[in-house]
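Listed below are the residues making up each chain.
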Amino acid sequence: SHRAWMLYWNDFAALEAWARAEPHTLWWREAVERMRGRGDLGVYHEAYLVPRAGIESIYVDAPAIGLLAFADAAESDGLLTTARGRLSASSISTTRSG
């Protein structure tokens, strides 16, 4: 059986505060003990610091989950109808390789 969690944080300080508090510290201690003792549990962890201007999430008839749970939403209109417009031309390279 496999399980996955995706967690979103407003900033690194919020992530760090959560990681150093219960219940995370209790879960992590139990996980380390299990990995060392029984060897039947593995953990894969990634963290990314991504500027808000470099993120795009599209929701169509979907509940406010993921990034929309704490970010502002905008209707797709005008420049917002394309990925280039939504992410802004200034943050996207327009050069082609090759």
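## Considerations on the overall build of the protein chain
Here's step 1: Of the regular secondary structure elements, the protein chain holds three helices and zero strands.
Here's step 2: Moving toward the C terminus, one meets the helices and strands of the protein chain in the order α-α-α.
Here's step 3: For the protein chain, restricting intrachain contacts to residue pairs at least 6 apart in sequence, the fraction spanning at least 24 positions comes to 33%.
Here's step 4: Element-wise, carbon and sulfur atoms account for 55% of the exposed surface of the protein chain, whose accessible area totals about 9000 Å².

## Considering a nonpolar patch on the surface
Here's step 1: A cluster of nonpolar side chains, namely W5, L7 and W9, defines an oily patch on the protein surface of about 380 Å² accessible area.
Here's step 2: With respect to the secondary-structure elements, L7 resides in the segment before α1 (12–19).

## Regarding the packing of aromatic side chains
Here's step 1: Counted by the stated rule, this structure contains two aromatic pairs.
Here's step 2: Taken together, the aromatic side chains of W9, W18 and W27 make up a single cluster linked through ring pairs.

## A short note on the pattern of salt bridges
Here's step 1: Within this structure, the stated rule accounts for three salt bridges.
Here's step 2: Taking the shortest distance from any N to any O, the salt bridge between R34 and D40 comes out at 2.8 Å.
Here's step 3: Classification of R34 as partly exposed rests on a relative accessible area of 33%.
Here's step 4: Residue R38 pairs with D40 through a salt bridge whose shortest N-O separation is 2.9 Å.
Here's step 5: A network of salt bridges, in which partner residues are shared, links R34, R38 and D40.

## Digging into unusual backbone geometry
Here's step 1: A cis geometry characterises the amide bond from E22 onward to P23, with omega recorded as 10°.
Here's step 2: Summarising the element assignment, P23 is placed in the loop between α1 and α2 (24–37).
Here's step 3: Even without being glycine, D61 reaches a positive phi, approximately 50°.
Here's step 4: Positionally, D61 belongs in the loop between α2 and α3 (83–87).

## Remarks on α2
Here's step 1: Between its first and last C-alpha, α2 extends 20 Å over 14 residues, near the 20 Å set by a 1.5 Å rise per residue.
Here's step 2: Taken as a whole, α2 has its buried residues at H24, T25, A31 and V32. Along the long axis of α2, the arc covered by the buried residues comes to 125°, so they all point the same way. Of the residues in α2, the exposed ones pointing more than 90 degrees away from the buried face are W27, E30, E33 and G37.
Here's step 3: For α2, the elements touching its buried residues are α1.
Here's step 4: G39 lies just past α2 and shows a positive phi near 65°.

Calculation criteria
Residues numbered from 1 in each chain as written. Predicted model: local features only at pLDDT ≥ 70, side-chain atom pairs only at ≥ 80, totals over all residues. Heavy atoms only, no water. Helix = DSSP H or I, 4+ residues; strand = E, 2+ residues; numbered from the N terminus. Contact = heavy atoms within 4.5 Å. Areas by Shrake-Rupley, 256 points an atom, 1.4 Å probe, with all protein chains shown as cover. Patch = residues over 30% accessible without salt bridge, like charges linked within 9 Å, V, L, I, M, F, W, Y side chains within 5 Å. Salt bridge = Lys/Arg side-chain N within 4 Å of Asp/Glu carboxyl O. Phe/Tyr/Trp six-rings, centres within 6.5 Å; stacked < 30°, edge-to-face > 60°. Buried < 20%, exposed > 50% of the residue type's maximum accessible area, 1.4 Å probe, protein only. Expected span 1.5 Å × (residues − 1). Arc of directions from axis to C-beta.

Take it as geometry only, folks, not as evidence of what the structure does.
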